[in-house]
Amino acid sequence: MDMNRRQFFKVCSAGIGGSSIAALGFSVKPALAEARNFKLARTTETRNTCPYCSVGCGIIMYSLGDKSKNVKAEIIHIEGDPDHPVNRGTLCPKGAGLMGFIHSENRLKHPEYRAPGSKEWKRISWDEAFGKIAKLMKDDRDKNFVAKTDDGLTVNRWLTTGFLAASASSNESGYITHKVVRSMGMLVFDNQARV
Amino acid sequence: MTNHWTDIKNADVVLIMGGNAAEAHPCGFKWVTEAKHHNKAKLVVVDPRFTRSAAMSDYYAPIRVGTDIAFLGGIINYLLANDKIQHEYVKAYTNASFVVNASYKCEDGIFCGYDEAKRKYDNKDWAYELDKDGFAVVDETMQHERCVMQIIKRHYSRYTPEMVETICGTPKAAFLKVCEMIATTSRPDRVMTIMYALGWTQHSQGSQMIRTGAMVQLLLGNIGLAGGGMNALRGHSNIQGLTDLGLLSNLLPGYMTLPGQSEQKIEDYLAKRALKPLRPNQMSYWQNYPKFFVSFQKAWWGKAATAENQWAYDYLPKLDKGYDVLQAFEMMHQGKINGYLCQGFNPVASFPNKAKIVGALSKLKFLVIIDPLATETSEFWQNFGPYNDVKPEEIQTEVLRLPSTCFAEEDGSLTNSGRWLQWHWKGAEPPGEAKADPEIMAEIFTRVRALYQKDQGAFPDPIVNLTWPYRNPKFPSPEELAMEFSGKALADVTDPKDPTKVLAKAGEQVAGFAQLRDDGSTSCGCWIYSGSWTQAGNQMARRDNADPFGIGQTLNWAWAWPANRRILYNRASADPAGKPWNAKRKLVAWTGEKWAGSDIPDMRPDAKPEEGVGPFIMTAEGVAKLFVPSGMVDGPLPEHYEPFESPLATNPLNPKNAKAFANPAARVFKGDMEQFGKPDKFPYAATTYRLTEHFHYWTKHVHDNAVAQPQQFVEIGEELAAAKGIRNGDKVRVTSNRGKIETVAVVTKRIRTITCDGKKVFQVGIPIHWGFKGVAQRGYIANTLTPFVGDANTQTPEFKAFTVNIEKA
């Protein structure tokens, strides 16, 4: 029988109430008394990749909510993807704790600002943060951009601001980051691969 | 990785050295156990510590930290002296037969062309001898005294088993046992894989360690074969991808390089990179560089990149030197950098000499942090007692901290170590106001662009002309970005052999990099990723795990670069006539008309074997380089140098030449040389390492991992513990010449005392995972201790070999 995981769950939960088990010689009553619906049967499954090491294990994230409008999904369980040819359903001690990363109490939730000499953060809006950053960058670039060297070579570089890119962000994030950073003429630019 | 995780199951011998896959890459390591159980493979582990990889091994040999070139050079000597090489492979697929210039020499550990004052080599005397047509001279008999085979025989004859024992501390018998096990794979039908990680990269001679490993594999004929290869186990989920996409100081996407400032004209720039073949009939595939480069410029600057303006060549910044992270923090420390943006990166924890890093950040005008978690770097200005003893009121840096999403809250692809681009899907909304990285970058960019459009300023052209065709300019979608880096036709692309045949119509996605053109008719953001999103859709999202040949080649699972090829150099899996060395592990073979098999052939499909087209298509030689005339700054052959901090006072290989003590071509900044510790004060060799329960500095923010390994510790052997009166669980102080950490000692049998150059050497293991932010117990940043020096080629810091002292606290 061809059956994917989702269908398997459905058959399991639906089948309990039917007579097929009785037909196998079991009594239905105790089975009904024992069975609770498998919690994950009502969740939405989403395929993802473990963001830790470079094995790239496939994972399945189970979330409450069906992703319809006005429903806020919440991930309640993560396990290895049994279809994945490398990890074949397993996760290591790091990957097994992924839920705790998503829900860590140290996740940042809103933009913050620390003024020179201050001992504390002040919450600010995204608009204020982006406005400040754009201005700081443009001021520094305009002041320190090197179009030509003293001996007349065209170099168009900006060396007084640098950028350090991530190690677990997606290729798409990395690509747009590179495009933005380099178009401004930055050379002080690296990612985690350097270390 | 030249190969990929699943392929490890095809190996007959597995060498794990410079890595610890069982603990750092556990789900990938299962393919080693698969090879052991189903392929009768033998696992050999060489490591300073008896790791859990070692616990699974058939044979374990100890080694002193930082001496891997001596060990591997000793293996090369063993293979050559005992005639344990794959002769036909070495002759046909490597440059062993190439003749080197008469002026080449290496004396007392220093190669010719060395400038001591600049700590740099001029490599002109490392070149091949050329014939009148500009091709390299070869001697097929490999008897010419200046051919590469004879040069490496002479060079490594000094690396005797006795010398290996003297330098590495590996007992001679143990070393020879490893040699014997490895040498069994010199037979054409047996194969070995090498798995390495940061234990080879994080050294002042790290690149050359890896090259020595590759030389061993080439001599054994193990590159390009199923179950073989040089397999770098990368540390993070997408540093492979971010490297492929060129997010490094000197790179552009797809391993193209930024121009140097002397390359003022595009012709000069392209000529240096579109390498002409050094032997007849070779592909020298970088000859296509102009197609990849022009398509890239079109992807970024569209209509503003024209033939008339050299495809907007002036828009690219020109390098005068590398600006890697060590260079960046050196400049920052000198007050020469005003602003810094950190995206998902924690330099206070990740970079060497924490005091210097925090001092440097304190001199910035502004720092922007983009991260899902509250990192140490974002609070470098805050006082955390002994863990970060700073005065906030004296630090004038403005800091902005922006919350970003994590993997679970976004769509996109990650590239694993096996070069597979795997698409993933969003499963939940991010917490609070967190935004995805592309949205943050787009907001910053569009605001800066608006300021330039309104007020002008310094050279606005590359900013205001940057292509930004996204439906929502404030949030480019992952799909749009993936399609852009995979590439499309801007005008109809026709078949060069038949111009009436259209391969891709204007506006369509290209099928792969073979369709890219240098006339501005195609655009492609990253040529090696070309084909990841074709007219047929997103190839990275494919999920068919079928393995029709039974050797782990799941060609329809996700998409691998380049061209969905799973094993690089796979032409070398067949003999020169095109017949697989081992029919049981066939990758590609010549059918009489074309190359075909279980993988995408790494060869021109119609290249008849008798044409002699070499399998290493990216090199100008067409073969792999045992000896590298150019490309390595610290020598054409690997040579053993001591780490900058060593428990030995001299390099036993060249004891009389102080210049050849540590890597003579490694860059050392003023002031850092003076901070290297000497054996009298810091007698113990130290190395940093990772635990299986933690991932770098992230999982200390995760409850379950913090419970599993809550507290910082250092690991020492029983003999050192007894000598110092330290018992298991005692509080100890570990010092280097840059700082100290205080923590508890774990006394184990895993770190043995070894003897090097007649002297007992004790080694100290320092796990890295703690800091002053997180839900685990607070600990000292391990990199408080590490030295500020990097590999001569890559500038990757020397975290794996330095010296410390240890005392009971």
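Small disclaimer: the values here were computed from a predicted structure and weren't measured.

**Some thoughts on the overall build of chain B**
Moving on, step 1. A tally of regular secondary structure across chain B gives 21 helices and 33 strands.
Moving on, step 2. In summary, chain B has a C-alpha radius of gyration of 27 Å against a globular reference of 28 Å for 809 residues, a match within 12%.
Moving on, step 3. Referenced to the eigenvectors of the C-alpha coordinate spread, the extents of chain B come out at roughly 85 × 70 × 55 Å.
Moving on, step 4. For chain B, with 809 residues in total, the buried portion stands at 60%.
Moving on, step 5. Considering only contacts within chain B whose residues lie at least 6 apart along the sequence, 71% involve residues at least 24 apart.

**A look at the overall build of chain A**
Moving on, step 1. Counting its secondary structure elements, chain A contains six helices and nine strands.
Moving on, step 2. Out of the 195 residues in chain A, the part that is buried amounts to 45%.
Moving on, step 3. Put simply, 34% of the contacts in chain A that link residues at least 6 apart link residues at least 24 apart.

**Let's talk about the pairing of strand E8 (residues 192-196) of chain B**
Residue and element names in this part refer to chain B.
Moving on, step 1. Buried residues dominate E8, accounting for five of its five residues.
Moving on, step 2. Covered by surrounding structure in E8 are Met192, Ile194 and Tyr196 together with Thr193 and Met195, the residues of both alternating faces.
Moving on, step 3. The pairing of strand E1 (residues 13-17) with E8 spans four bridges and is parallel. In the strand pairing of E8, Val13 is matched with Met192.
Moving on, step 4. Sheet topology places E8 next to strand E9 (residues 230-232); three bridges connect them, and they run parallel. Looking across to E9, one finds that Tyr196 is bridged to Ala232.

**Considering the domain arrangement of chain A**
Moving on, step 1. As far as domains go, chain A holds domain 1 (1-41), domain 2 (43-107) and domain 3 (112-194).
Moving on, step 2. On a C-alpha basis, the centres of domain 2 of chain A and domain 3 of chain A stand 32 Å from each other.

**What about the packing of helix H4 (residues 68-81) of chain B against helix H7 (residues 161-168) of chain B?**
Residues and elements named next belong to chain B.
Moving on, step 1. Taken N-terminus to C-terminus, the directions of H4 and H7 make an angle of 170°; their axes are 9 Å apart at the nearest point. Here H7 runs roughly antiparallel to H4, going by the angle between their axes. Of H7, the residues touching H4 (which contributes Ala70, Phe71 and Gly74) are Pro161, Met163, Val164, Ile167 and Cys168.

**Observations concerning the nonpolar core**
Moving on, step 1. In this structure, B:Val14, B:Ile76 and B:Val148 are the most contacted members of the largest nonpolar core, which totals 294 residues.
Moving on, step 2. Once you skip the residues sitting within four places of it in the chain, B:Val14 turns out to touch B:Ile8, B:Val32, B:Ala35, B:Ala41, B:Leu43, B:Val44, B:Thr193 and B:Met195.

**Describing the interface of chain A and chain B**
Moving on, step 1. Counting residues at the interface gives 101 residues for chain A, matched by 133 residues for chain B.
Moving on, step 2. Top element by residues in the side of chain A that touches chain B is helix H5 (residues 126-144) of chain A. It accounts for 13 residues.
Moving on, step 3. Of the residues in the side of chain A that touches chain B, the class split is 46 nonpolar, 34 polar and 21 charged.
Moving on, step 4. One ladder, built from three bridges, connects strand E4 (residues 112-114) of chain A with strand E14 (residues 398-403) of chain B; its direction is antiparallel. Within E14(B), the position partnered with A:Arg114 by the bridge is B:Val399.

**Re the sheet that holds E1(B)**
Residues and elements named next belong to chain B.
Moving on, step 1. One open sheet accounts for five strands, arranged E3-E2-E1-E8-E9; its pairing is parallel. Edge positions in the sheet fall to strand E3 (59-62) and E9, since each has one partner strand and no second. Taken over all neighbouring pairs, the strand axes of this sheet differ in orientation by 20° on average, direction set aside.
Moving on, step 2. Summarising the sheet, strand E2 (residues 42-47) and E3 pair through four bridges and their orientation is parallel. Among the inter-strand pairings, Val44 is bridged to a residue of E3, identified as Tyr59.

**A few points about helix H8 (residues 172-183) of chain B**
Residues and elements named next belong to chain B.
Moving on, step 1. With 12 residues, H8 ought to run about 16 Å at 1.5 Å a step, and its terminal C-alpha atoms sit 16 Å apart, in line with that.
Moving on, step 2. All of the buried residues in H8 are Phe175, Val178, Cys179, Ile182 and Ala183. For H8, the angular spread of the buried residues around the axis is 130°, confining them to a single face.
Moving on, step 3. Buried-residue contacts for H8 involve E1, E2, E3, H4, H7 and E8.

**Digging into unusual backbone geometry**
Across the chain, the bulk of peptide bonds are trans and the bulk of non-glycine residues have phi less than zero.
Residues and elements named next belong to chain B.
Moving on, step 1. Between Trp561 and the following residue, Pro562, the backbone shows a cis peptide bond with an omega angle of -10°.
Moving on, step 2. Relative to the elements of secondary structure, Pro562 occurs in the loop between strand E23 (559-560) and strand E24 (588-590).
Moving on, step 3. The phi angle at Lys40 is positive, at roughly 55°, despite the residue not being glycine.
Moving on, step 4. Note that Lys40 resides in the loop between helix H2 (26-39) and E2.
Moving on, step 5. Classification of Lys40 as exposed rests on a count of 8 C-beta atoms within 10 Å.
Moving on, step 6. The phi dihedral of Asn564 is positive, around 65°, even though this residue is not glycine.
Moving on, step 7. Relative to the elements of secondary structure, Asn564 occurs in the loop between E23 and E24.
Moving on, step 8. Classification of Asn564 as buried rests on a count of 20 C-beta atoms within 10 Å.

**So, the sheet that holds strand E32 (residues 763-767) of chain B**
Moving on, step 1. If you walk around this closed barrel you meet the six strands as E26-E32-E27-E29-E28-E33 (chain B), and the pairing is mixed. Averaged over all adjacent pairs, the angle separating strand axes in this sheet is 45°, with direction ignored.

About the criteria used
Residues numbered from 1 in each chain as written. Chains lettered and ligands numbered in written order. Predicted model: local features only at pLDDT ≥ 70, side-chain atom pairs only at ≥ 80, totals over all residues. Helix = DSSP H or I, 4+ residues; strand = E, 2+ residues; numbered from the N terminus. Rg over C-alpha atoms; globule rule 2.2 N^0.38 Å. Buried ≥ 20, exposed ≤ 12 C-beta atoms within 10 Å, placed from the backbone. Contact = placed C-beta atoms within 7 Å. Pairing = 2+ DSSP bridges. Domains from an automatic or database assignment. Axes fitted to C-alpha atoms, helices over the stretch in contact; angles between N-to-C directions. Parallel < 35°, antiparallel > 145°, perpendicular 65-115°, else oblique. Core = buried A, V, L, I, M, F, W, Y, C linked by C-beta atoms within 7 Å. Nonpolar A, V, L, I, M, F, W, Y, C, P; charged D, E, K, R; others polar. Expected span 1.5 Å × (residues − 1). Arc of directions from axis to C-beta.

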